[in-house]
Amino acid sequence: MLIVAALGGNALLRRGEPMTAENQRRNVKRAASALMALIEEGHSVVITHGNGPQVGLLALQSAAASNEGAFPLDVLGAESAGMIGYMIEQELGNLAGKKQFATLLTQVRVDQRDPAFSHPTKPIGPVYDEPTARRLAEERHWAIAPDGDKWRRVVPSPRPLEILEASVISYLVEHDVVVICTGGGGVPVISRGDGSMMGVEAVIDKDLASSLLARQLNADMLLMLTDVDAVYMDYGTPQARALRRVRAGDLAPEDFPAGSMGPKVSAAMEFVRATGNPSAIGRLDDAVEIANGRRGTRFEA
């Protein structure tokens, strides 16, 4: 079975952890172990991953430089995708030296007229208390929004329209290569009038891009691995209840937080509706059992 497995940014760097190379490496080792369990089950796996905390840190470092030295978000997205992909590829290789792995920087076409450019919603970077977030927003001209009981910077998140390297990824999969790609949702690019591409200041939602990739690859399953065990109705309240099996049309993405579970639910439903194949959301450590339908939330046609 061909599975597109999407690793959430919080699965790679746990909420509240300092963003150090040591912490990221430890979490990547844990993720690699879960992913290897899927591979050892006999599945072909394409791995995507988030980069919200990492690209946010790179943006902070870039902003600390002179104006001439600051890099745009598309370049920082490529930089973070390379960094995380390198760690994932190396740790997977350490577990299965004879298997072939490849990290591929991935361009994702978006529409320059997407309304997201005037309404930023995608959280990046570290979390702050509200007074700190408001001070930084004023100093650095950020848009900010709540993220649980904390606050984060938010940036435009246009809808992904096409994974430009999908045919290359498909070729590698056909040759039994485990591909790590579409890091952080991919590098957002727009098509200019002459057909050439250029990057834009945005961050694409990793789950929506993973769903699009899974459709372009004709995958058998889309698996979104995060730090919660399932999708919950009324999450964080005494009435919270885990959903186990749902039909693609039974939920509305807008009933879930826009910065976290909402895009995952939307991505899951889009994949199921387009392909008739299942998608699932759950905890990273439960990857095999989620793929087998025993844990997590499974979306079906």
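The rules behind the values
Residues numbered from 1 in each chain as written. Predicted model: local features only at pLDDT ≥ 70, side-chain atom pairs only at ≥ 80, totals over all residues. Heavy atoms only, no water. Pairing = 2+ DSSP bridges. Helix = DSSP H or I, 4+ residues; strand = E, 2+ residues; numbered from the N terminus. Axes fitted to C-alpha atoms, helices over the stretch in contact; angles between N-to-C directions. Contact = heavy atoms within 4.5 Å. Core = buried A, V, L, I, M, F, W, Y, C linked by side-chain atoms within 4.5 Å. Buried < 20%, exposed > 50% of the residue type's maximum accessible area, 1.4 Å probe, protein only. Expected span 1.5 Å × (residues − 1). Parallel < 35°, antiparallel > 145°, perpendicular 65-115°, else oblique. Left-handed = near helix turned anticlockwise from the far one by under 90°. Nonpolar A, V, L, I, M, F, W, Y, C, P; charged D, E, K, R; others polar. Polar contact = N/O pair within 3.5 Å; in protein donor to acceptor, adjacent residues only side chain to side chain. Phe/Tyr/Trp six-rings, centres within 6.5 Å; stacked < 30°, edge-to-face > 60°. Lys NZ or Arg CZ within 6 Å of the ring centre and 35° of its normal. Arc of directions from axis to C-beta. 1 Å grid on protein atoms, 1.4 Å probe; cavity = no way out; pocket = protein on both sides within 12 Å on 5 of 7 lines; lining within 4 Å. Points joined across faces, edges and corners; volume = space filled by probe spheres on them.

Novice: I would appreciate a short explanation of the sheet that holds strand β3 (residues 100-104) in the present structure.
Specialist: By definition, the strands of a sheet pair up through backbone hydrogen bonds, in either a parallel or an antiparallel sense. Across the sheet, 8 strands lie side by side as β3-β9-β2-β1-β12-β16-β17-β15; this open sheet has mixed pairing. Of all strands in the sheet, those with a lone pairing partner are β3 and β15 (245-247), marking the two edges. Put simply, the sheet's adjacent strands are angled 20° from each other on average, direction ignored. Bridge count between strand β1 (residues 2-7) and strand β2 (residues 44-49): 6 bridges; the pairing is parallel. Bridge pairing links V4 to V46 in β2. In the packing of helix α2 (residues 21-40) onto the sheet, contacts are made with β1, β2, β3, β9 (177-181) and β12 (221-226), and the angle to β1 comes to roughly 170°. Packing against the sheet, helix α7 (residues 206-216) makes contact with β1, β2, β9 and β12, and its axis sits at approximately 170° to β1.

Novice: How do you make sense of the environment of P188 when you look at a structure like this?
Specialist: Residue placement: P188 occurs in strand β10 (residues 187-191). Discounting residues that sit within four places of it in the chain, P188 has contacts with D74, V108, V110, M198, G199, V200, A202 and I204.

Novice: Is there a simple way to explain the nonpolar core in this structure?
Specialist: Here is a general trend for soluble globular proteins: nonpolar side chains tend to be buried in one another's company. Core analysis: the biggest nonpolar cluster contains 43 residues, and V46, I169, L251 and F299 have the highest contact counts within it. With 7 residues, the single largest contributor to this core is helix α8 (residues 261-275). When neighbours within four sequence positions are excluded, I169 is seen to be in contact with V46, L104, I163, V179, C181, L213 and L217. Grouped together as the second largest cluster of nonpolar side chains are 31 residues, A31, A287, V288 and A291 included.

Novice: What should I look at first to understand α2 in this one?
Specialist: Think of an α-helix as turning once every 3.6 residues; residues three or four places apart then point the same way. In this model, α2 (20 residues) spans 28 Å end to end at C-alpha, consistent with the 28 Å of a helix rising 1.5 Å per residue. Among the residues trailing α2, G42 stands out with phi positive, at a value near 100°.

Novice: So what exactly am I meant to see when it comes to the packing of α2 against helix α4 (residues 73-95) here?
Specialist: As a packed pair, α2 and α4 sit with axes 9 Å apart at the nearest point and diverge in direction by 50°. On the basis of their axis angle, the class for α2 and α4 is oblique. The handedness of the crossing between α2 and α4 is right-handed. Along the contact surface, α2 presents A21, Q24, R25, V28, K29, A32, S33, L35 and M36, while α4 presents M83, Y86, M87, I88, Q90, E91, L92 and L95. Grouping the constituent residues of the contact of α2 with α4 by class yields 11 nonpolar, 3 polar and 3 charged.

Novice: Quick question: what am I supposed to make of the side chain of S80 here?
Specialist: Looking at the element boundaries, S80 is found in helix α4. On the basis of relative accessibility, which here comes to 0%, the residue S80 falls in the buried class. Among the polar contacts made by the side chain of S80, one reaches the side chain of N51 at a distance of 2.8 Å. Among residues more than four places away in sequence, those in contact with S80 are N51, Q54, V55 and L58.

Novice: Which parts of the structure should I look at to understand the packing of aromatic side chains?
Specialist: Each aromatic ring pair is summarised here by two numbers: the centre-to-centre distance and the angle between the ring planes. Applying the stated criterion across every chain, the model contains 2 aromatic pairs. Consider the rings of Y128 and W142, whose centres lie 6.3 Å apart with planes at 45°: the pair is tilted. One end of the pair, Y128, is in strand β5 (residues 122-128); the other, W142, is in the loop between α5 (130-140) and β6 (143-147), with 14 residues separating them in the sequence. A relative accessible area of 16% means that W142 is categorised as buried. Between the NZ or CZ atom of R134 and the centre of the ring of W151, over which it lies, the distance is 4.7 Å.

Novice: Would you mind showing me how to read α5 here?
Specialist: All of the buried residues in α5 are A133, L136 and A137. End-on, the buried residues of α5 take up no more than an arc of 105°, which puts them together on one face. For α5, exposure combined with an orientation more than 90 degrees from the buried face picks out P131 and E138. A positive phi of about 60° marks H141, the residue just after α5.

Novice: Explanation requested: the layout of surface pockets in the structure shown.
Specialist: With a probe scaled to a water molecule rolled over the atoms, the places where space remains empty come into view. Of the voids in this model, the second largest pocket is the one considered here, and its volume is about 390 Å³. At the level of secondary structure, the elements contributing two or more residues to the lining of the second largest pocket comprise β5 and α8.

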